[in-house]
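Structure at a glance
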Amino acid sequence: MEKKIAQISDIHFGEKNFSQQLKDNLLNQLKEENPDLIIVSGDLTTNGYIHEYEKASEFVEELKSITDTYTIPGNHDARNVGLIHFERLIGPRKFIHVDKSGGFAIVGLDSSEPDINDGQIGLDQMNWLRKQMEKLPSDLCKIVTFHHHLLPIPQTGRERNILLDSGDLLRVFSECGVDFVLNGHKHVPNVWMIEKMVTINSGTATTRKLRGYTFPSHNQLIIRDNDIQVNLINTETGSKKEMANYSVRVEGEEYVICSYKHLLNNG
Ligand SMILES: [Fe+2]
Ligand SMILES: [Fe+2]
């Protein structure tokens, strides 16, 4: 069994460095990739304005015409009371999707806070997450997504905006056996592994709001029975390179990552 997840992030309708061309490229690339699931990990807009959300909503409808799509908000979406538009035009701010045939489950959380760039998950969502995880069979690969990065990202200048409650969340993830975390926010792709858990950061797919030599990109996860491959796809050129791969298996009843290779060099 092979399942493909496209992780895209930081679309930023309304941003001066947003590119219509990159958006068209992205949609064409996704149609070609034909993923089973699309995850949008936040920052659909720039200031949370309704006119930005209207464009974002059209975009999400286009994604849904390709395959199942889930979207969670980022810090920009929560500006100017933007989350009321998010809930009306985009959808719920958290979700759970279980794919037993694909051997994985993915939970989305809202890390945004009104009008500030800092993020946190908060006790209520952590408790909700624990309850969802308890209901899942332990032999599934468990993935969690939210906008702010859980761990610092190299080549992003002065560190800020790690989740305010990242320590507590790390503990919850470790106790719940979370295998993969998918984040956005910094516009820089990256992979880290800590406590047998992988965090994968996605770049910005549709803007040239870029740091250093990074390029507009999105990530692709290919989930197979014995391995998971992560590819980085350049939205400008369409070129694809392997960013990481993980050999996985069910040990006893538990899904575990046995070994890994990280191949990304941010330069
Ligand atoms: Fe962003
Ligand atoms: Fe952000």
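Residues numbered from 1 in each chain as written. Chains lettered and ligands numbered in written order. Predicted model: local features only at pLDDT ≥ 70, side-chain atom pairs only at ≥ 80, totals over all residues.

**Brief notes about the overall build of the protein chain**
The helix and strand inventory of the protein chain stands at five helices and 13 strands. Relative to the compact-globule value of 18 Å for 267 residues, the protein chain shows a C-alpha radius of gyration of 17 Å, a close match. In terms of its C-alpha atoms, the protein chain occupies a principal-axis envelope of roughly 50 × 40 × 40 Å. In the protein chain, which comprises 267 residues, the proportion classed as buried is 45%. Sequence-distant contacts in the protein chain: of pairs separated by 6 or more residues, those separated by 24 or more amount to 68%. (Helix = DSSP H or I, 4+ residues; strand = E, 2+ residues; numbered from the N terminus. Rg over C-alpha atoms; globule rule 2.2 N^0.38 Å. Buried ≥ 20, exposed ≤ 12 C-beta atoms within 10 Å, placed from the backbone. Contact = placed C-beta atoms within 7 Å.)

**Topic: the sheet that holds strand E8 (residues 190–194)**
Within the open sheet, the six strands sit side by side as E4-E5-E6-E7-E9-E8. Their pairing is mixed. The open sheet has two edge strands with one neighbour each: strand E4 (95–99) and E8. Geometrically, the sheet is characterised by an average inter-axis angle of 15° between neighbouring strands, direction not taken into account. The pairing of strand E7 (residues 180–183) with strand E9 (residues 197–201) spans four bridges and is classified as parallel. Residue pairing across strands places Leu 182 opposite Ile 200, the latter belonging to E9. (Pairing = 2+ DSSP bridges. Axes fitted to C-alpha atoms, helices over the stretch in contact; angles between N-to-C directions.)

**Quick notes on the sheet that holds strand E11 (residues 227–234)**
Strands sit in the order E3-E2-E1-E10-E11-E12-E13 across an open sheet of seven strands; the sheet is mixed. With one partner strand each, in any of the chains shown, strand E3 (68–72) and strand E13 (254–262) form the two edges of the open sheet. Strand after strand, the sheet turns through a mean of 20° between neighbouring axes, direction not considered. In this sheet, E3 lies alongside strand E2 (residues 37–41) in parallel orientation, the contact comprising five bridges. Each residue of the ladder has a partner; that of Leu 37, found in E3, is Asp 68. Across the sheet, helix H1 (residues 20–33) lies against strand E1 (3–8), E2, strand E10 (217–223) and E11, angled at about 170° from E1, the strand it touches most. Lying over the sheet, helix H2 (residues 50–66) contacts E2 and E3, oriented at roughly 145° with respect to E3.

**Looking at the packing of H2 against helix H3 (residues 83–90)**
For the pair H2 and H3, interaxial distance at closest approach is 10 Å and the crossing angle is 30°. The orientation of H2 with respect to H3, classified from their angle, is roughly parallel. By crossing handedness, the relation of H2 to H3 is classed as right-handed. Where H2 abuts H3, its residues Ile 50, Tyr 53, Glu 54, Ala 56, Ser 57 and Val 60 lie against His 85, Phe 86, Leu 89 and Ile 90. Its residues placed into classes, the contact of H2 with H3 shows seven nonpolar, two polar and one charged. (Parallel < 35°, antiparallel > 145°, perpendicular 65-115°, else oblique. Left-handed = near helix turned anticlockwise from the far one by under 90°. Nonpolar A, V, L, I, M, F, W, Y, C, P; charged D, E, K, R; others polar.)

**Describing unusual backbone geometry**
Even without being a glycine, Asp 115 presents a positive backbone phi close to 65°. Structurally, the position occupied by Asp 115 is in the loop between strand E5 (104–108) and helix H4 (122–135). Phi at His 187 is positive, roughly 65°, even though this residue is not glycine. Along the chain, His 187 turns up in the loop between E7 and E8.

Read these as geometric descriptors, not functional statements.
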